[in-house]
Amino acid sequence: MGGWILAVFKYAPEALEQSAQTIFGEHIMISLMPALCCILAFVGMMFYPLTDKRVKEISEQLNLKRNKVNCLSALNKLIFFH
Amino acid sequence: MGVGAIGIICVTLFLLCFSWTKERVTQIESEKNASIKQDLKNLFHNAPWWILVATSLAALLFNAVRDSVAIYFFRDYVKVNYRMLGTGWDMTTIYFLVGQAANLIGVMAAPAISAKYGKKKTYMIAMLVAGALNTGFYFIPNNITWILIFQFMISIFAGYVLPLLRSMFADIVDQQELLTGRHATGLIFSSSSMSQKLSWA
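Rules and cut-offs
- Residues numbered from 1 in each chain as written.
- Chains lettered and ligands numbered in written order.
- Predicted model: local features only at pLDDT ≥ 70, side-chain atom pairs only at ≥ 80, totals over all residues.
- Heavy atoms only, no water.
- Axes fitted to C-alpha atoms, helices over the stretch in contact; angles between N-to-C directions.
- Helix = DSSP H or I, 4+ residues; strand = E, 2+ residues; numbered from the N terminus.
- Parallel < 35°, antiparallel > 145°, perpendicular 65-115°, else oblique.
- Left-handed = near helix turned anticlockwise from the far one by under 90°.
- Nonpolar A, V, L, I, M, F, W, Y, C, P; charged D, E, K, R; others polar.
- Buried < 20%, exposed > 50% of the residue type's maximum accessible area, 1.4 Å probe, protein only.
- Contact = heavy atoms within 4.5 Å.
- Core = buried A, V, L, I, M, F, W, Y, C linked by side-chain atoms within 4.5 Å.
- Domains from an automatic or database assignment.

1. Looking at the packing of helix H3 (residues 47-78) of chain B against helix H6 (residues 144-180) of chain B
Residues and elements named next belong to chain B.
Alright, step 1. Remark: H3 packs on H6, axes separated minimally by 10 Å, with the N-to-C direction vectors making an angle of 160°. The angle between H3 and H6 falls in the class roughly antiparallel. With respect to the hand of their crossing, H3 and H6 are arranged in left-handed fashion.
Alright, step 2. Its residues assigned to classes, the contact of H3 with H6 shows 19 nonpolar, 4 polar and 1 charged.

2. Examining the environment of Ala58(B)
Alright, step 1. Take Ala58(B): it is sitting in helix H3.
Alright, step 2. Residue Ala58(B) is classed as buried on the basis of its relative accessible area, which comes to 8%.
Alright, step 3. Between the C-alpha atom of Ala58(B) and that of Ser199(B), which follows or precedes it by 141 residues, the distance is 8.0 Å.
Alright, step 4. Not counting the four nearest positions on each side in its chain, Ala58(B) is found in contact with Cys37(A), Leu40(A) and Ala41(A).

3. Considerations on the nonpolar core
Alright, step 1. One finds Tyr48(A), Leu52(B), Tyr123(B), Phe137(B) and Ile147(B) to be the most contacted residues of the largest nonpolar core, which totals 59 residues.
Alright, step 2. Elements represented by at least two residues in this core include exactly helix H1 (2-8), helix H2 (20-30), helix H3 (32-46) and helix H4 (52-81) of chain A together with H3, helix H4 (91-117), helix H5 (119-139) and H6 of chain B.
Alright, step 3. When residues in this core are grouped by element, the largest group, 14 residues, is from H6(B).
Alright, step 4. Both of domain 1 (1-48) and domain 2 (49-82) of chain A provide at least three residues apiece to this core.
Alright, step 5. Not counting the four nearest positions on each side in its chain, Ile147(B) is found in contact with Phe73(B), Phe74(B), Val78(B), Tyr95(B), Phe137(B), Ile140(B) and Asn142(B).

See the structure below:
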């Protein structure tokens, strides 16, 4: 990925001095491009529906369900083995 | 040779890991509608999962682009010739070391802070601050002290989100189980791992 973006800014592997354009590219790759990623992640997260409240509800409901299943299988064992 | 040795150790550890652990989660539904195809179908209809995959792609792209360009950035833009006495570390090494140390601080702070203020909320704040700091990185003077200070602060926030993403994938596993009755931990975590590989490629 990094290599591709460098290539877009005409990075010259053989050259001793990179062009101003390439150096500008390197500069924004370490600053503004990651910043853009942060903004994307921020915006994406805005639409994420699993808030902590929701997560808590989900795990409570799951525990209820699991307990029910465990009780049933315990009951089954009792009936079958006694 | 070295790679081979690491490979052998890895395989041994994987096998030990398998034999030393025990499945404790009980499957709620029976195996009647258990198929990878059905699980994948469920996953592709899971909106939070899509959002999380996209978000973690962005978060990892952040690290991939930033880290891969650092060496070139130091050679062509910063142009500081410095070697630390004794260790022989140059500026790029020190830059990475500072980043890793700050990453660690962020990772260690994550469980306590996210438990108190919420994962989603603190994730968004961390991204906002990291975005602002990175924008600032463009405008700071070409001076190693500034660069290292910003690297330190950025890496704290970048490190903070890494365990959060993992733990949010676990939340998706639970949500998916409640919806479909299938506990697809393996599938969902491999999808998270794949999004990592994609962004590093």
